[in-house]
Amino acid sequence: MRRTFTLLVGAFVVAFAFLAGYASGQRSPVPTQNVGQSEELLRSIDLTNELDSATGRPLRMRKVTLQPGGVLGLHNHVDRPAVTYLLQGQMTYHQEQKPDLVANPGDGFAEGRATTHWAESTGKVPAVWIAVDIPKP
């Protein structure tokens, strides 16, 4: 009887140790370091002289699509700084007092208060870009 009791206690201890080890092995710690990340700064704009205040103003990110032959009318970025990144298509930017600039996927612009321009989709497929700006409410 004592031998049976010892075997049962031993089996219980081994099973408990196995289950405890299995359970703790299943937990993954919360990562504190980045792994496998890379980054490349695409565009930036210094906001020091662009805004008097950011109070009440959102930071927004939009995906914009312009069909071939489509046009963005003449506008400026006074009080609405922006950065853009072209994903697809081709855009031609016509900025006041500067030469025209053709943008292809991977290109983009930083547009501050000195930017007054219009643009057109000059490719064969829709131009698609990400625009991040701080519009007035």
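Residues numbered from 1 in each chain as written. Predicted model: local features only at pLDDT ≥ 70, side-chain atom pairs only at ≥ 80, totals over all residues. Heavy atoms only, no water.

Student: Quick rundown of the overall build of the protein? Include the residues and the values.
Tutor: Within the protein, the secondary structure is distributed over one helix and eight strands. Beginning at the N terminus, the succession of helices and strands in the protein can be written as α-β-β-β-β-β-β-β-β. Here the protein holds 137 residues, and 26% of them are scored as buried. Across the protein, contacts joining residues at least 24 apart in sequence account for 77% of those joining residues at least 6 apart. About 10100 Å² of surface is accessible on the protein, with carbon and sulfur atoms providing 58% of the total. (Helix = DSSP H or I, 4+ residues; strand = E, 2+ residues; numbered from the N terminus. Buried < 20%, exposed > 50% of the residue type's maximum accessible area, 1.4 Å probe, protein only. Contact = heavy atoms within 4.5 Å. Areas by Shrake-Rupley, 256 points an atom, 1.4 Å probe, with all protein chains shown as cover.)

Student: I'd love a proper account of the pairing of strand β3 (residues 82-88), names of residues and values included.
Tutor: Where β3 lies against strand β6 (residues 108-111), four bridges are found, and the strand directions are antiparallel. Bridge assignment links Tyr 85 to a residue of β6, and that residue is Gly 108. For β3 and strand β8 (residues 127-133), the ladder comprises six bridges, and the chain directions are antiparallel. Along β8, the bridge assignment pairs Tyr 85 with Ile 130. (Pairing = 2+ DSSP bridges.)

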